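In case you want the letters, here they are:
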Amino acid sequence: MLNDTITAIATANGIGSISIIRVSGDDALSLALKLTKKDDFKPRLATLSNIYNSQNEIIDEALIIYFKNPYSFTGEDVIEFQCHGGIAISNIILSELIKLGARLANPGEFSKRAFLNNKIDLSKAEAIAKLIEARSEDAVKLLARQLKGELSNFVNDIREDLLFMLAYTEVNIDYAEEDLPADIFEQIEHKLENIIIKLSDTLESSKRREGLIEGFKVAIIGKPNVGKSS
């Protein structure tokens, strides 16, 4: 499945000024060259180009951006068609790409490939999904910090402390007579107490911020005709 070249409309469905169709995979560049009849695209340079269908008819004039692997979101070759907005135009371009051999991407497959290619970790993938659904400015700021790796760094710091404690505990069990630091158990106890405090604070903070990300469910209750709708 990872050898497939996938494509999908990246913008919301509907009429707008711009629609973006994204292609990712080994054949992304060759498909773009076939649709535009260009010889090549310079990476990370927006190029204005006509787009043609299989009957050699012009579909649209669009900006094409080529992201060469591994310097792309998915870590693969990625092409973005930034065409004029509209349901018909974007669907025609999508259809032409599928005719040329691309496959319609499954939901979340671009992020999945980014994860499998070590471009993002699970915390960043979750942040992307939540950021799209964010309903407040505070939620956006919070998720942007997670997207920048704040949660990953937090988890890695705790993991390092746990590995430290595990290593010295095993050493004390297997090599009790070796020359080990006299205060090693105090160090382990101190680190463990700090981890408990950090995790407890994080849990409480997450509970307080849950509404910012998930939103609040509010029930407006009252007798008939008392102004609930207003």
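Residues numbered from 1 in each chain as written. Predicted model: local features only at pLDDT ≥ 70, side-chain atom pairs only at ≥ 80, totals over all residues. Heavy atoms only, no water.

A. How the structure looks around the environment of L131. Relative to the assigned elements, L131 resides in helix α4 (residues 122–133). L131 sits in the partly exposed class, given a relative accessible area of 28%. When neighbours within four sequence positions are excluded, L131 is seen to be in contact with V140, L143 and L147. (Helix = DSSP H or I, 4+ residues; strand = E, 2+ residues; numbered from the N terminus. Buried < 20%, exposed > 50% of the residue type's maximum accessible area, 1.4 Å probe, protein only. Contact = heavy atoms within 4.5 Å.)

B. Structural context of helix α6 (residues 150–174). Taking 1.5 Å per residue, 25 residues should reach 36 Å; α6 reaches 36 Å between its end C-alpha atoms and fits that length. All of the buried residues along α6 are S152, I158, D161, M165 and N172. (Expected span 1.5 Å × (residues − 1).)

C. View of the packing of aromatic side chains. Per the counting criterion, the structure on display carries 0 aromatic pairs. Just above the ring of F164 sits the side chain of K191; from NZ or CZ to the centre is 5.0 Å. (Phe/Tyr/Trp six-rings, centres within 6.5 Å; stacked < 30°, edge-to-face > 60°. Lys NZ or Arg CZ within 6 Å of the ring centre and 35° of its normal.)

D. Main features of the pattern of salt bridges. Evaluation of the coordinates by the stated rule reveals 7 salt bridges. Put simply, E76 and R113 hold a salt bridge, and the shortest N to O gap is 3.1 Å. Placement of the pair is E76 in the loop between β4 (58–67) and β5 (78–84) and R113 in helix α3 (residues 109–116), with a sequence separation of 37 residues. Assigned by exposure class, E76 and R113 land together as buried. Of the charged contacts, one joins E96 and K99 as a salt bridge, the two residues approaching to 3.4 Å between their closest N and O atoms. Of the two residues, E96 and K99 both sit in helix α2 (residues 87–99), 3 residues apart, roughly one turn of that helix. (Salt bridge = Lys/Arg side-chain N within 4 Å of Asp/Glu carboxyl O.)

E. Examining the layout of surface pockets more closely. Quantified by volume, the second largest pocket comes out at close to 380 Å³. Forming the boundary of the second largest pocket are 16 residues, of which R22, G108, F110, S111 and I132 lie nearest the centre. Secondary-structure elements contributing two or more residues to the lining of the second largest pocket are β1 (6–9), α3 and α4. By residue number, the principal contributor to the lining of the second largest pocket is α4, which donates 4 residues. Per-class residue counts for the lining of the second largest pocket are 11 nonpolar, 3 polar and 2 charged. (1 Å grid on protein atoms, 1.4 Å probe; cavity = no way out; pocket = protein on both sides within 12 Å on 5 of 7 lines; lining within 4 Å. Points joined across faces, edges and corners; volume = space filled by probe spheres on them. Nonpolar A, V, L, I, M, F, W, Y, C, P; charged D, E, K, R; others polar.)

F. Main features of a nonpolar patch on the surface. Taken together, F115, L116 and L122 make up a surface patch of nonpolar side chains, about 280 Å² in accessible area. On the secondary structure map, L122 appears in helix α4. Judged by its relative accessible area of 58%, L122 falls in the exposed class. (Patch = residues over 30% accessible without salt bridge, like charges linked within 9 Å, V, L, I, M, F, W, Y side chains within 5 Å. Areas by Shrake-Rupley, 256 points an atom, 1.4 Å probe, with all protein chains shown as cover.)

G. Focus on the sheet that holds β1. Judged by pairing direction, the sheet is mixed, and its 6 strands sit side by side in the order β3-β4-β5-β2-β1-β6 without closing on themselves. Every interior strand has two partners, whereas the edge strands, β3 (47–52) and β6 (103–104), have only one. One ladder, built from 6 bridges, connects β3 with β4; its direction is antiparallel. Among the inter-strand pairings, I51 is bridged to a residue of β4, identified as D60. Lying over the sheet, α2 contacts β1, β2 (18–24), β3, β4, β5 and β6, oriented at roughly 175° with respect to β1. The strands touched by α3 within the sheet are β1, β2 and β6, with β1 carrying the most contacts at an inclination of about 135°. (Pairing = 2+ DSSP bridges. Axes fitted to C-alpha atoms, helices over the stretch in contact; angles between N-to-C directions.)

H. Representation of the side chain of T74 in the model. Looking at the element boundaries, T74 is found in the loop between β4 and β5. Classification of T74 by relative accessible area gives buried; the value is 1%. T74 has contacts with S24, F110, R113, A114, N117 and K119, leaving out every residue within four places of it along the chain.

I. Representation of the side chain of T36 within the structure. By the element assignment, T36 lies in helix α1 (residues 28–36). The buried category is assigned to T36, whose relative accessible area is 4%. In terms of polar contacts, T36 uses its side chain to reach the backbone carbonyl oxygen of A32, at 2.7 Å. Setting aside residues up to four positions removed in sequence, T36 forms contacts with F41, S49, N50, I51, Y52 and I64. (Polar contact = N/O pair within 3.5 Å; in protein donor to acceptor, adjacent residues only side chain to side chain.)

Shape is all these values report; function is a separate question.
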